[in-house]
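For reference, the chains in residue letters:
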Amino acid sequence: MLSDDQLKKFQKLYKNHFGKEISRQDANEKGMKLIRLVELIYRPMTEAEYKQLQERRRSTGNIKH
């Protein structure tokens, strides 16, 4: 569950973005779903993965300075 402060911030962000006010219950539900989505798709890159990416970019000429 989100804290009161987090719910208020989410409601404000939602209203600013979509132009629609949502209830605390909706804010909690949507906020928790957003957090779960981020947990599922976000994985920090390891240093080894970063180095591998840089090497691949160098070899294909896709590195930006």
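In what follows, the accompanying structure is described. (Residues numbered from 1 in each chain as written. Predicted model: local features only at pLDDT ≥ 70, side-chain atom pairs only at ≥ 80, totals over all residues. Heavy atoms only, no water.)

### What about the overall build of the protein?
Spelled out, the test is: Labels follow the DSSP assignment, with helices taken as runs of H or I lasting at least four residues and strands as runs of E lasting at least two, numbered in each case from the N terminus. Our radius of gyration looks at C-alpha atoms and nothing else; its globule reference is 2.2 Å times the residue count to the power 0.38. A simple rule labels every residue: compare its accessible area, found with a 1.4 Å probe on the protein chains alone, to the largest value its type can have, and call it buried under 20%, exposed over 50%, or partly exposed in between. With residues, only the protein chains shown are counted as cover, and all accessible areas are computed by Shrake-Rupley using a 1.4 Å probe. Counted as positive: Lys and Arg. Counted as negative: Asp and Glu, with His and the chain ends omitted from the count. For charged residues, the charge sits on one atom: NZ in Lys, CZ in Arg, CG in Asp, CD in Glu.
Secondary structure summary: the protein contains 3 helices and 0 strands in total. Along the protein, from the amino end to the carboxyl end, the secondary structure elements read α-α-α. Expected size for 65 residues packed as a compact globule is a radius of gyration near 11 Å; at 19 Å, the protein overshoots this value by more than 25%. In terms of overall dimensions, the protein has a C-alpha envelope of 50 × 25 × 15 Å along the principal axes. Out of the 65 residues in the protein, the part that is buried amounts to 17%. When the accessible surface of the protein is totalled, it reaches about 6,000 Å², and 53% of it is carbon and sulfur. Of the side-chain charges in the protein, 15 are positive and 9 negative, and the distance between the mean point of each set is 5 Å.

### Here we look at helix α3 (residues 47-60)
Worth spelling out the cut-off: A helix is expected to reach a length of 1.5 Å times the quantity of its residues less one.
A rise of 1.5 Å per residue sets the reference length of α3, with its 14 residues, at 20 Å; its end C-alpha atoms lie 20 Å apart and thus fit the reference within 8%. One or two steps after α3, the chain reaches Gly-61, where phi turns positive at roughly 75 degrees.

### Here's the deal with the nonpolar core
Rules: Residues enter a nonpolar core if they are buried and are Ala, Val, Leu, Ile, Met, Phe, Trp, Tyr or Cys, with the set joined through side-chain atoms within 4.5 Å. Should any heavy atoms of two residues lie within 4.5 Å, those residues are counted as being in contact.
In terms of nonpolar packing, the biggest core is built from 6 residues, these being Leu-2, Leu-7, Phe-10, Tyr-14, Ile-22 and Ala-27. With 3 residues, helix α1 (residues 4-18) is the largest single contributor of residues to this core. Beyond its immediate chain neighbours, meaning those up to four positions away, Ile-22 contacts Phe-10, Gln-11, Tyr-14, Ala-27 and Lys-30.

### Considering the pattern of salt bridges
To be explicit about the condition: Counted as salt bridges are all cases of a side-chain nitrogen of Lys or Arg within 4 Å of a carboxyl oxygen of Asp or Glu.
Under the criterion given, the structure shown has 8 salt bridges. Salt-bridge contacts for Glu-47 lead to Lys-51; the nearest nitrogen and oxygen are separated by 3.4 Å. With Glu-47 and Lys-51 both in helix α3 and 4 residues apart, the pair spans about one turn of that helix.

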